Amino acid sequence: MLRLAWAGVAERWSLFVGAVLAVCLGVALVQSSLLLLISAATWEAPAGLPAIERMRFEEGMLVAVTVIAVSLGLSAFLAVFVIGSTFAFTVAQRRRDLALLRLVGGDRGQLRRLLLGEAVLLGTAGAGLGALAGPAAVRVQAWLLETLGFVPAGFTGQWRPWILGVCVLTGVGLAVAGALSAARRAARVLPMEALRDGGQTGHVMTRGRWITGLSLAAGTVALVALAPVAGPAGGQAMAMCVSICAALACTVLGPAVVPAMARLLPWRAAGALGLLAAANLRDDARRTASTAAPLIVLVGLVLGQSVALVSLSAAAAAELRRGTSADLVVEADGPAGARIAAVSGVERVSTEIEVPVRLTTGSGELAYTELSRAALIDPAAYESAHPGSGSVRALRGRAAAAGPGALGISPGDTVVARVGDADLGALPVVAAVPARMGGGPALLLPAGAVPAAQLARAPSTSFVTLERGADRSRVTAELAAVGTVRSADAWLAGRAAAATTTSSATLLVVLGLGGLYALIGVVNTVVIAGSERRPEFAAARAIGLTRRQVVRMALAETWAVTAIGLLLGTLAAAGTLVAAVATMAAVTGDVTVAVPWPPAGALVAGALLATGVTNVLTTRAAMRPALVSLLRVRE
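The structure displayed is predicted, hence computed values, not measured ones.

A few words on the overall build of the protein. Scanning the protein from terminus to terminus reveals 21 helices and nine strands. Expressed along its principal axes, the backbone C-alpha trace of the protein runs to roughly 95 × 55 × 40 Å. Considering only contacts in the protein between residues 6 or more positions apart, those separated by 24 or more positions represent 84%. One way to put it: in the protein the 51 positive side-chain charges average out to a point 15 Å from where the 36 negative ones average out.

See below:
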């Protein structure tokens, strides 16, 4: 079977180029992400750092580990998706060849082993190429993480010899995982059924496919419904998952949905070529759905996540603006409240010092320790600077309050906290402030909970309210000796810009790779579809169509499918936006929607350009042989 698999790959190598590239990219990214993940998890803080600064360094590396891990998981998922789509399409194109194997005595098990043997060969080839490309991927990914501020300067992946074995296992595993579904489906096709033409839509949309697609659609609706009641963090996480679930549902149901949508397009306006293109789309549901599938995933992921991130960031900024009452904001090092209050013209000041905290919740076997953030505050001043947080007045002595970024902490609980070298021990949670969309410190502590000596270099933010009639310019000049002074509006705008920059950086690291994968899938599907249509194109030319007319017909089909894929992907992205809006309304009582129009426009234009250019080149290549030789090709 391995020899037969090799012959199949050698004969139809052009159909598997996209799968090999997907495996290669997947292996390179797995190698890069694993090395960077291990390096980030074991990267030592610079010697001589104070305890709090060391914890802050660990906190930053934890964020880097999370971003790298998400990139790794998304890359593996998309690799399996692209490879699976490629194998499913190639199996559909080879139904007659596989049927002949069944007719001459091949059983279902042999057919599965044949296709999995092809997957092993492709996985091995992709693993070899990916292992060679891995070191370059490590350098590029490390540079990107450093440029975007996720890791410190000089960070790099540390080589591990065992990574080569992981590359081989990853390449073969990705290819086999992607081919399993296609192999099982091919083995179930009856020989005589596979030799017949027509009726492909009924065969594509099997009972299992309907059940899977409708289950994913139901899961999408459930995520949208549950997001508003899951709180700020849970609601945002569910909203981010909606577009993924919805895109997969559209992809699975594609053979039924995409041709139905194609019938709604105004084909008659395009004349005879338009009607011929419409008939081709209607008759080959599998090809139509396979071409649209990567576009649905691409748009659903990229557009859905970007719209949600931008909208949630805008909502968090608006919420922070509503929850902040101050004239000036002073950013300094260490406790600066006393110096600010001594300035003439200052009515009141709320100084907040955010520090990393090692927080343990639960007890016994359920105890869980994590690195989080705490804010040292004066409860009365905090209430004046942040309206709506009145319960924080109960924070006195050895106690804590659940902050705006708290997860699973509520009044009545007991937490164990450690800040730098200061072990604060077990603290009762006596109050809680409302959770915020933008998060914040998980714990609020009284100002004297941590020794002042440890806070000398800790950054502090002071919200200053001026006395009526005070000379704002003079007060600002005097406060400049304490730290950086900005108006409250300017500070809020800076926070919003920083949050947007962080969201964009995360989106670039995580979804940039996903977009590349989906683009490979789109181009690969168009190439496969065009290269297998040589007899069809020859028949069209034989009845009088010119080469240019055939190219225009094929281009019309591809752009129609591209438009449908973009539309379905946009609907999947809209699901994420609906869930995000519902979460905003439930948490803040207000809704902020922001759409990144330039990236969205670039995505649409790029998809049309990529599919159009690929289709034209593939169609021209398919018509390059003589017409007579193409008409002799067995359909």
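Okay, helix 13 (residues 285-322) next. Taking 1.5 Å of rise per residue, 38 residues should cover 56 Å, and helix 13 covers 52 Å from first to last C-alpha, within 8% of that figure. Ala292 marks the point of greatest bend in helix 13, at about 25 degrees, and the proline Pro294 comes within the next four residues. Among the 38 residues of helix 13, 30 are classified as buried, and the element is accordingly described as predominantly covered.

Turning our eyes to something else, we now look at the side chain of His386. Inspection of the secondary structure assignment puts His386 in the loop between helix 15 (379-385) and strand 4 (400-402). Judged by relative accessible area, His386 falls into the buried class, the value being 6%. Filtering out sequence-adjacent residues up to four positions away, His386 remains in contact with Gly323, Thr324, Glu352 and Phe463.

Of note, Glu370 is situated in strand 3 (residues 368-377). With near-sequence residues (within four places) excluded, Glu370 lies in contact with Val357, Arg358 and Leu359.

A word on the packing of helix 5 (residues 108-147) against helix 6 (residues 163-188). The geometry of helix 5 relative to helix 6 is characterised by a closest axis approach of 7 Å and an angle of 150 degrees between their N-to-C directions. Classified by the angle their axes make, helix 5 and helix 6 are roughly antiparallel. By crossing handedness, the relation of helix 5 to helix 6 is classed as right-handed. In terms of residue class, the contact of helix 5 with helix 6 is built from 19 nonpolar, three polar and four charged.

Counted under the stated rule, the structure contains eleven salt bridges. Residue Arg373 pairs with Glu59 through a salt bridge whose shortest N-O separation is 2.3 Å. Residue Arg373 is located in strand 3, and its partner Glu59 is located in helix 3 (residues 51-93); the two are separated by 314 residues in the primary sequence. Among the residues examined, Glu59 registers a relative accessible area of 15% and is labelled buried. Residues joined by salt bridges that share partners form a network here, namely Glu59, Glu354 and Arg373.

Moving on to the state of the cysteines. One pass over the structure, following the stated rule, counts zero disulfides. Summary of cysteine pairing: Cys250 is not part of a disulfide, and the nearest cysteine sulfur, belonging to Cys245, is at 10.0 Å.

For the protein, mean pLDDT is 84; residues scoring 70 or higher make up 92% of the total. Here helix 8 (residues 200-204) stands out as the element of the protein with the lowest mean pLDDT, 53, in contrast to strand 9 (residues 484-487), whose mean of 96 is the highest. Note on residues 198-202: pLDDT is under 50 here. Beyond four places in sequence and across chains, it has seven contacts.

Each α-helix turn comprises 3.6 residues. Residues three or four places apart therefore point the same way. Every buried residue of helix 18 (residues 534-542) is accounted for by Pro535, Phe537, Ala538, Ala540 and Arg541. Count one or two residues on from helix 18 and you reach Gly544, which has phi positive near 120 degrees.

Looking now at the packing of aromatic side chains. Under the definition given, this model contains two aromatic pairs. Centroid distance Phe463 to Trp491: 5.2 Å. Interplanar angle 90 degrees. Geometry classified as edge-to-face. Placement of Phe463 in strand 8 (residues 459-466) and of Trp491 in helix 17 (residues 488-531) is noted, with a sequence separation of 28 residues between them.

To continue, consider the nonpolar core. In terms of nonpolar packing, the biggest core is built from 32 residues, with Ile83, Phe87, Val91, Leu98 and Leu122 touching the most fellow members. The dominant element in this core, judged by the number of residues it contributes, is helix 3, at eight residues. In this view, Val91 contacts Leu98, Leu115, Ala182 and Ala186; residues no more than four positions away in its chain are not counted. Formed by 27 residues, the second largest nonpolar core is a distinct cluster that contains Trp267, Ala292, Ala554 and Leu568.

Where helix 2 (residues 17-42) meets helix 5, the axes come as close as 5 Å, and the angle between the chain directions of the two elements is 45 degrees. One element, helix 2, and the other, helix 5, form an angle in the oblique class. For the crossing formed where helix 2 meets helix 5, the hand is right-handed. The class makeup of the residues in the contact of helix 2 with helix 5 is 19 nonpolar, eight polar and no charged.

Relative to the elements of secondary structure, Leu312 occurs in helix 13. Among residues more than four places away in sequence, those in contact with Leu312 are Gln236, Met240, Met437, Ala580 and Met584.

With that settled, the discussion passes to the environment of Thr351. Take Thr351: it is sitting in strand 2 (residues 346-361). Spatially, the C-alpha atom of Thr351 lies 5.4 Å from that of Gly337, the residues being 14 residues apart in sequence. With residues up to four places along the chain from it excluded, the contact list for Thr351 reads Ala336, Gly337, Leu376, Ile377, Asp378, Ser460, Thr461 and Ser462. Within the local environment of Thr351, its side chain forms a polar contact with the backbone nitrogen of Gly337, the two atoms lying 3.4 Å apart. Within polar-contact distance, the side chain of Thr351 engages the side chain of Ser462 at 2.8 Å.

Tracing the sequence through the fold places Ser306 in helix 13. By relative accessible area, which is 8% here, Ser306 ends up buried. A polar side-chain atom of Ser306 sits 3.0 Å from the main-chain carbonyl oxygen of Leu303. Non-local contacts of Ser306, meaning those with residues more than four positions away in its chain, are made with Leu507 and Pro596.

What follows concerns the pairing of strand 2. Regular strands place their side chains on alternate faces of the sheet. For strand 2 and strand 8, the ladder comprises seven bridges, and the chain directions are antiparallel. Along strand 8, the bridge assignment pairs Val346 with Leu466. Two strands pair when backbone bridges link them, and strand 2 and strand 3 are joined in this way by nine bridges, in the antiparallel orientation. Bridged to Val357 within strand 3 is Ser372. The hairpin turn running from strand 2 into strand 3, its antiparallel successor, is six residues long, and Gly362 in that turn takes a positive phi close to 80 degrees. One ladder, built from three bridges, connects strand 2 with strand 5 (residues 414-419); its direction is antiparallel. Its bridge partner lying in strand 5, Thr360 is registered against Val416.

This next bit is on a nonpolar patch on the surface. A surface patch of nonpolar side chains, about 390 Å² in accessible area, is lined by Val591, Val593, Val595 and Trp597. Tracing the sequence through the fold places Val595 in the loop between helix 19 (547-588) and helix 20 (597-622).

What follows is about a positive patch on the surface. There is a patch of like positive charges on the surface, built from Arg108, Arg112, Arg113, Arg184 and Arg188. Elements supplying a minimum of two residues to the positive patch: helix 5 and helix 6. The element best represented in the positive patch is helix 5, accounting for three residues. Structurally, Arg108 is set in helix 5.

Reading the values: the criteria
For every chain, the first residue of the written sequence is number 1, and numbering continues from 1 along that sequence. Owing to the predicted nature of the model, reporting of local features is limited to residues with pLDDT of at least 70; listing and counting of side-chain atom pairs is limited to 80 or more, with chain, interface and lining totals taken over all residues. To get the side-chain values, all heavy atoms of the structure are used, and hydrogens and water are removed first. Helix and strand definitions here come from DSSP, where helices need a minimum of 4 consecutive H or I residues and strands a minimum of 2 consecutive E residues; each element is numbered from the N-terminal end. Any two residues having at least one pair of non-hydrogen atoms within 4.5 Å are treated as being in contact. A residue counts as positive if it is Lys or Arg and as negative if it is Asp or Glu; His and the chain ends are not included. In plain terms, the charge of a residue is placed at NZ if it is Lys, CZ if Arg, CG if Asp and CD if Glu. Every helix has an expected span of 1.5 Å times one less than the residues it contains. At any given residue, the bend is defined as the angle formed between two axes, one fitted to the seven residues that end at that position and one fitted to the seven that begin there. Buried, partly exposed and exposed residues are distinguished by accessible area as a fraction of the type maximum, computed with a 1.4 Å probe on protein chains only: under 20%, between the cut-offs, and over 50%, respectively. With axes taken as lines fitted to C-alpha atoms, and helix axes fitted only over the stretch in contact, angles between N-to-C directions fall between 0 and 180 degrees. Just so you know how the angles are binned, under 35 degrees is roughly parallel, over 145 roughly antiparallel, 65 to 115 roughly perpendicular, and the rest oblique. Handedness of a crossing is defined here by the sense of rotation of the near helix relative to the far one, left-handed for an anticlockwise turn of less than a right angle and right-handed for a clockwise turn. Here the nonpolar group is Ala, Val, Leu, Ile, Met, Phe, Trp, Tyr, Cys and Pro; Asp, Glu, Lys and Arg are the charged ones; every other residue, Gly included, is treated as polar. Within this document, salt bridges are pairs made up of a side-chain nitrogen of Lys or Arg and a carboxyl oxygen of Asp or Glu, the two lying within 4 Å of each other. Count a disulfide wherever a pair of cysteine sulfur atoms falls within 2.5 Å. Every residue carries a pLDDT, the predictor's confidence in it, which falls somewhere between 0 and 100. Aromatic rings from Phe, Tyr and Trp, taking only the six-membered ring of Trp, are treated as a pair when their centres fall within 6.5 Å; an angle between ring planes under 30 degrees marks them as stacked, one over 60 as edge-to-face, and anything in between as tilted. The nonpolar core is taken to be a set of buried Ala, Val, Leu, Ile, Met, Phe, Trp, Tyr and Cys residues, with the residues joined through side-chain atoms within 4.5 Å. For this analysis, a polar contact is any N or O atom pair within 3.5 Å, provided that within protein one partner can donate a hydrogen and the other can accept it, and provided that sequence-adjacent residues contribute only side-chain to side-chain pairs. By definition, two strands form a pair when at least two bridges between them are found by DSSP. Patches draw on residues past 30% relative accessible area with no salt bridge. Two like charges within 9 Å are joined, as are two nonpolar side chains (Val, Leu, Ile, Met, Phe, Trp, Tyr) within 5 Å. Accessible surface is estimated by sampling points in the Shrake-Rupley manner with a 1.4 Å probe; for residues, cover comes only from the protein chains shown.

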